[in-house]
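Read off the chains here:
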Amino acid sequence: MTALACALAVSTACRDEEVKVDRSPLPTVAAPPYICDHIPLKAVELMTGVPNPLVRGYFDLTLARGAGAGSCAVYQRDGDRMKVLLINLTPGGEPGAVQEQIEDGASPLPEILPGVIGYYFKPSDSKTNDAYAMLVRGKAEINIQLEIGVAGRDNAADVLALMKLIAPKLLTDASAPSATTASPSPSPTKE
């Protein structure tokens with residue numbers, strides 16, 4: 001009888017753990033505290049399920065003639081300290097590469113800022129709840145790689161929401177396309 005009671009207690013505890021997944025949406029406004037000076041910690045904790053994660057990296061928005069550069073890597077605190085999230089800001093974005101991903105099935109990002117083109121997706125065969133997003137504006141590119149997401153969350157929606165939070169902070173006026181550059185908007189039909 002004691003063994004049966006223990007087995008029931010363990011199975012109930014496992015079901016309770018599954019219910020404890022925080023499915024609340026990411027914040028819609030970037031608010032402190034921040035990691036790497038620009039990424040809202042609350043959003044990172046929700047999408048990775050890692051409270052108070054280990055963080056490495058920084059962004060310098062004065063590099064690349066003001067377009068900015070840098071990265072922010074987020075790791076689990078326990079076990080093998082696996083990387084769960086990586087955010088990169090690099091000069092030299094390629095709107096054509098974004099368009100190719102959209103044509104291959106990735107979802108287009110909404111226009112977060114004028115002159116941006118981007119995509120986001122979650123692989124259909126994902127075993128780690130990974131999801132990805134990329135945004136290009138002029139000479140700047142932001143890339144979000146959620147390598148280990150939370151089971152039970154909409155991981156693709158999480159990378160989209162994070163992009164909406166960080167792009168306005170990371171993309172400077174220097175990254176805006178020049179007036180002589182055509183806006184790299186995705187076309188609704190394939191030619």
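This report concerns the structure included in the present document. (Residues numbered from 1 in each chain as written. Predicted model: local features only at pLDDT ≥ 70, side-chain atom pairs only at ≥ 80, totals over all residues. Heavy atoms only, no water.)

### A closer look at the state of the cysteines
Step number 1: Enumeration according to the criterion identifies one disulfide in this entry.
Step number 2: The disulfide partner of Cys36 is Cys72, and the gap between their sulfur atoms is 2.1 Å. Note on the Cys36 and Cys72 pair: the S-S dihedral is about 80°, so by sign convention the disulfide is right-handed. Here Cys72 lies in strand E4 (residues 69–75) and Cys36 lies in the loop between strand E1 (34–35) and strand E2 (39–40), a separation of 36 residues in the sequence. (Disulfide = S-S within 2.5 Å. Helix = DSSP H or I, 4+ residues; strand = E, 2+ residues; numbered from the N terminus.)

### Section: the packing of aromatic side chains
Step number 1: All told, the structure shown has two aromatic pairs when counted by the stated rule.
Step number 2: Here the aromatic rings of Tyr119 and Phe121 are separated by 6.1 Å at their centres, their planes lie at 25°, and the arrangement is stacked.
Step number 3: An aromatic cluster is built from Tyr119, Phe121 and Tyr132, whose rings are joined through pairwise contacts. (Phe/Tyr/Trp six-rings, centres within 6.5 Å; stacked < 30°, edge-to-face > 60°.)

### Regarding the pattern of salt bridges
Step number 1: Within this structure, the stated rule accounts for one salt bridge.
Step number 2: A salt bridge links Asp158 to Arg153; the nearest nitrogen and oxygen atoms lie 2.8 Å apart. Both residues of the pair, Asp158 and Arg153, belong to the buried class. (Salt bridge = Lys/Arg side-chain N within 4 Å of Asp/Glu carboxyl O. Buried < 20%, exposed > 50% of the residue type's maximum accessible area, 1.4 Å probe, protein only.)

### Quick look at the sheet that holds strand E9 (residues 140–146)
Step number 1: With antiparallel pairing, seven strands are arranged side by side in an open sheet as E3-E4-E5-E9-E8-E7-E6. On the outer flanks of this sheet lie strand E3 (54–60) and strand E6 (107–108), each paired with one strand and no other.
Step number 2: Two elements, E4 and strand E5 (residues 83–91), share six bridges in a ladder whose sense is antiparallel. Directly across from Ser71, in E5, lies its bridge partner Asn88.
Step number 3: This element, helix H2 (residues 41–48), spans E4, E5 and E9 of the sheet and lies at about 130° to E5.
Step number 4: The sheet contacts of helix H4 (residues 155–170) involve E3, E5, strand E7 (116–121), strand E8 (131–137) and E9, and relative to E9 the element is tilted by about 145°. (Pairing = 2+ DSSP bridges. Contact = heavy atoms within 4.5 Å. Axes fitted to C-alpha atoms, helices over the stretch in contact; angles between N-to-C directions.)

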